[in-house]
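A closer look at the structure
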Amino acid sequence: MDLVNRITVKKDGVYLSSRDSEEKQQYRSHISESLTKVFMEGGQRALDQKIFEMLDCMEIETRGNHASVRRYEDTFSSPEGQEILDDCRVKREACFDQLSEETKRQRNLGRVTPELEKYYAELDKFHQITYRQLSEICPAVKQKERGEKLRGT
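Throughout what follows, the structure given in this document is the object of discussion. (Residues numbered from 1 in each chain as written. Predicted model: local features only at pLDDT ≥ 70, side-chain atom pairs only at ≥ 80, totals over all residues. Heavy atoms only, no water.)

Some remarks on helix α1 (residues 33–56)
To be explicit about the condition: To qualify as a helix, a DSSP run of H or I must reach at least 4 residues; to qualify as a strand, a run of E must reach at least 2; elements of each kind are numbered from the N terminus. The length a helix should cover is 1.5 Å for every residue beyond the first. Bend is the name given here to the angle between axes fitted to two runs of seven residues, the run ending at a residue and the run starting at it. Whether a residue is buried, partly exposed or exposed follows from its accessible area with a 1.4 Å probe, protein chains only, as a fraction of its type maximum: under 20%, in between, or over 50%, in that order. Contact between two residues is taken to exist if any of their heavy atoms lie within 4.5 Å; hydrogens are not considered.
With 24 residues, α1 extends just 20 Å between its outermost C-alpha atoms, more than 12% less than the 34 Å of an ideal straight helix rising 1.5 Å per residue. Along α1, the sharpest change in direction is near 135° and occurs at Gly42. Turning to α1, its buried residues number three or more, namely Leu35, Thr36, Phe39, Gly43, Gln44, Leu47, Asp48, Ile51, Phe52, Glu53, Met54 and Leu55. Elements that come into contact with the buried residues of α1 comprise β1 (2–10), β2 (13–20), β3 (28–32), β4 (60–62), α2 (67–77) and α5 (114–137).

Describing the side chain of Thr130
Looking at the secondary structure, you find Thr130 in helix α5. With relative accessibility at 5%, the residue Thr130 sits in the buried group. Residues contacting Thr130, with those up to four places away along its chain left out, are Ile84, Leu85 and Cys88.

Topic: the pairing of β1
So the rule is basically this: Should DSSP find at least two bridges between two strands, the strands are regarded as paired.
In this structure, β1 lies alongside β2, joined through eight bridges in antiparallel fashion. Each bridged residue has a counterpart across the sheet, and for Asp2 the counterpart in β2 is Asp20.

Things to note about the sheet that holds β4
Stated formally: Throughout, an axis means a line fitted to C-alpha atoms (over the contacting stretch in the case of helices), and angles, computed between N-to-C directions, take values from 0 to 180 degrees.
Judged by pairing direction, the sheet is mixed, and its four strands sit side by side in the order β3-β2-β1-β4 without closing on themselves. In the strand order of this sheet, the two ends are held by β3 and β4, each with one partner. The average angle at which neighbouring strand axes cross in this sheet is 50°, direction not considered. Relative to β4, β1 runs parallel, the two being bridged by three bridges. Bridge pairing links Val4 to Thr62 in β4. Against the sheet, α2 makes contact with β1 and β4, and its axis sits at roughly 115° relative to β1, the strand it touches most.

Considering the nonpolar core
The condition that has to hold: Note on terminology: a nonpolar core comprises buried Ala, Val, Leu, Ile, Met, Phe, Trp, Tyr and Cys residues joined through side-chain atoms within 4.5 Å.
Core analysis: the largest hydrophobic core is formed by 20 residues, its most contacted members being Ile7, Val14, Leu47, Ile51, Phe52 and Tyr72. The set of elements that each furnish at least two residues to this core consists of β1, β2, α1, α2 and α5. In contact with Tyr72, not counting residues within four places along its chain, are Ile7, Gln44, Asp48, Ile51, Phe52, Leu55 and Cys138. The next biggest cluster of nonpolar side chains, apart from the first, holds seven residues, and it includes Cys95, Leu116, Leu123 and Phe126.

What about the packing of helix α4 (residues 101–108) against α5?
Rule in force here: In this scheme, roughly parallel covers angles under 35 degrees and roughly antiparallel covers those over 145, while 65 to 115 is roughly perpendicular and the rest are oblique.
The contact between α4 and α5 brings their axes to 10 Å, and the two run at 80°. One finds that α4 runs roughly perpendicular with respect to α5. Here Thr103, Gln106 and Arg107 of α4 lie close against α5, whose contacting residues are Glu115, Leu116, Tyr119 and Tyr120.

What about the packing of aromatic side chains?
Where we set the bar: By convention, a stacked pair of Phe, Tyr or Trp rings (six-membered ring in the case of Trp) has centres within 6.5 Å and planes under 30 degrees apart, an edge-to-face pair has planes over 60 apart, and any other such pair is tilted.
Under the criterion given, the structure shown has four aromatic pairs. Taking 5.2 Å as the distance between ring centres and 80° as the angle between the ring planes, the aromatic pair formed by Phe52 and Tyr72 counts as edge-to-face. With Phe52 in helix α1 and Tyr72 in helix α2, the pair connects residues that are 20 residues apart, well separated along the chain. A residue is classified by how much of its surface remains accessible, and Phe52, at 0% relative accessible area, is buried. Here Phe52 and Phe76 contribute two aromatic rings whose centre-to-centre distance is 5.2 Å and whose plane-to-plane angle is 85°, an arrangement assigned as edge-to-face. Taken together, the residues Phe52 in helix α1 and Phe76 in helix α2 connect sequence positions 24 residues apart.

So this is what it looks like as structure tokens:
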């Protein structure tokens, strides 16, 4: 997992200041090709949605108090954010409760059945809706006066 203490959008792409959680190295700034592509295709809201997904899937963890990462933590901990997360949890639990006992057993054994494939697709849909909703309430990025931005919403 990468620890991220800054996310910056510049003219040439999206930069992360990060380090590997397993190593004691200094944070280093580098361009993220995948996040740059997301930003170019969908703007700031799409970038925020992708970052919420990465945080939820534990691909990254934010560190520090820089405004570029605090805005995600603030969104998660806000009353609106908690309501969105609770709604997703309730939907996931209801979806799981609809599975047959046999399918639940197959899931625990790591076997994928057609019913489980539908279940996982439904979970993915719930998660994508959650990330979109979180991105919609995420505070706006504070822009530098120079406007070092590719494009955004």
